[in-house]
Amino acid sequence: GLTRGYRLLGEIYSHQHEFGRAADAYRAAIAQAESPQPEYFLDLADACLNQGAGHLDEAIAALDDGIRRLGPLSVLQDKAVEIESRAGRFDAALQRLDAMIAQGQRLPELYARQGRLLLAAGRTDAARESFQLALARLDSLPAARRETSAAAAPATIARGSRCARRGFPHWRASACPPLARQEC
C-alpha cells in the first residue's frame with residue numbers, strides 16, 4: 001500500500017542523496033502505517049542525520065516518537081544513545097542508558113558502554129564503578145553466555161576499568177597514551 005510506496009520512495013531519495021525528501025517520504029510512511037515498524041523510525045532518523053548536524057534534534061525526535069508509539073525497544077534506544085554520544089551530549093546519552101538499565105536491561109555491555117561514556121565525559125570515578133558493575137554482571141552470567149556477542153568482552157571491560165583507575169580517558173588499550181598502553 002501507501003506505506004510501502006513511501007518507504008521505497010524514501011530509499012530512492014536516500015540513494016540519490018536527497019535526504020530532506022527522503023525524510024519527508026519516511027514521515028509519510030509512518031503517518032500512513034497502521035502499525036509502523038521500528039525500521040521506519042530508524043530510516044527517518046538516518047535521513048535526518050544525513051542532512052547534516054543541524055538535523056540532529058529531528059533524528060532524536062524521530063526515535064523518541066518511535067519509543068512513544070512502540071515502547072522502549074532497545075534498537076531505538078541504542079540508536080538514540082549512539083547519536084547523543086557522537087554529538088558529545090554525554091548527559092543525554094547517559095540518561096538514556098540509565099533508563100535502559102532501569103527497565104531491566106542489565107546487560108554487561110550496557111554498563112561497559114556507560115563506563116566508556118563516563119570516561120569520555122571525564123568522570124573517571126563513575127566510569128570505574130560502571131566498569132566494575134559490567135564485570136560483576138559478566139561474572140553472574142552462565143559461562144555459555146559470557147562469550148556471546150550479547151555480552152561485552154571481558155578484556156575490553158577490564159581494560160576500561162584499568163584505564164579509569166589510572167585516570168586515562170580512554171576505553172581501548174590502543175587509544176591509551178603510549179607510556180600507559182602496556183598498563184591498560
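Residues numbered from 1 in each chain as written. Predicted model: local features only at pLDDT ≥ 70, side-chain atom pairs only at ≥ 80, totals over all residues. Heavy atoms only, no water.

Looking at helix H2 (residues 19–32)
Residues spaced three or four apart along an α-helix face the same direction, because each turn holds 3.6 residues. Defined as follows: Only DSSP runs of H or I reaching four residues or more are called helices, and only runs of E reaching two or more are called strands; each is numbered from the N terminus. In a helix, the anticipated span is given by 1.5 Å times the number of residues less one. Note on exposure labels: buried denotes an accessible area under 20% of the residue type's maximum, exposed denotes more than 50%, and partly exposed covers the range between, all computed with a 1.4 Å probe on protein chains only. By arc we mean the arc of the directions from the helix axis to the C-beta atoms, nothing more. Throughout, a contact is declared for two residues whenever any of their heavy atoms are within 4.5 Å.
Its 14 residues give H2 an end-to-end C-alpha distance of 20 Å, which sits within 8% of 20 Å, the value for a rise of 1.5 Å per residue. Buried residues of H2: Phe19, Ala22, Ala23, Ala25, Tyr26, Ala29 and Ile30, and no others. Viewed end-on, H2 has its buried residues packed into an arc of 165 degrees, placing them on one side of the element. Those residues of H2 that are buried are in contact with helix H1 (2–15), helix H3 (38–50) and helix H4 (56–70).

Quick word on the pattern of salt bridges
Let me state the cut-off plainly: The salt bridge criterion pairs a side-chain nitrogen of Lys or Arg with a carboxyl oxygen of Asp or Glu, the two atoms within 4 Å.
What the rule picks out here adds up to 14 salt bridges. Taking the shortest distance from any N to any O, the salt bridge between Arg21 and Glu18 comes out at 3.0 Å. The partner of Arg86 in a salt bridge is Glu82, with the nearest N and O atoms 3.4 Å apart. Residue Arg86 and its partner Glu82 are located together in helix H5 (residues 74–86), separated by 4 residues, close to a single helical turn. Judged by relative accessible area, which is 70%, Arg86 ranks as exposed. Three or more residues joined by partner-sharing salt bridges are found here, namely Asp57, Asp64, Glu84, Arg89 and Arg96.

Focus on the nonpolar core
Quick note on the threshold: Here the nonpolar core consists of buried residues drawn from Ala, Val, Leu, Ile, Met, Phe, Trp, Tyr and Cys, with membership extended through side-chain atoms lying within 4.5 Å.
If you look at the biggest cluster of nonpolar residues, it comprises 22 residues, and the most contacted ones within it are Leu44, Leu63, Leu76 and Ile83. Among the elements of the structure, H2, H3, H4 and H5 are those that each provide at least two residues to this core. No other element matches the 7 residues that H3 contributes to this core. Counting 15 residues, the second largest nonpolar core, distinct from the first, contains Leu97, Met100, Leu119 and Phe131.

Looking at the layout of surface pockets
Any empty space left between atoms is shown by rolling a water-sized probe over those atoms. Filter applied, for reference: The pocket and cavity definitions rest on a 1 Å grid over protein atoms only: a 1.4 Å probe that fits but cannot leave marks a cavity, an open set with protein on both sides within 12 Å along at least five of seven lines marks a pocket, and residues lining either have an atom within 4 Å of a point. Grid points are joined across faces, edges and corners, and a volume is the space filled by probe spheres set on the points.
When its volume is computed, the largest pocket comes out at roughly 220 Å³. Surrounding the largest pocket, Asp78, Val81, Glu82, Ser85, Arg86, Phe90, Arg113, Arg116, Leu117 and Ala120 form its lining. Elements supplying a minimum of two residues to the lining of the largest pocket: H5 and helix H7 (108–120). In terms of residue count, the dominant contributor to the lining of the largest pocket is H5 (5 residues).

Considering unusual backbone geometry
Unlike most non-glycine residues, His17 shows phi in positive territory, near 60 degrees. Tracing the backbone shows His17 in the loop between H1 and H2. On the basis of relative accessibility, which here comes to 61%, the residue His17 falls in the exposed class.

Quick look at the environment of Gln114
The topology assignment puts Gln114 in helix H7. Classification of Gln114 by relative accessible area gives buried; the value is 10%. With residues up to four places along the chain from it excluded, the contact list for Gln114 reads Leu94, Leu97, Asp98, Ile101 and Ser130.

A word on the environment of Gly66
With respect to the secondary-structure elements, Gly66 resides in helix H4. With a relative accessible area of 0%, Gly66 lands in the buried category. Linking Gly66 and Gln77, residues 11 residues apart in sequence, is a C-alpha distance of 9.5 Å.

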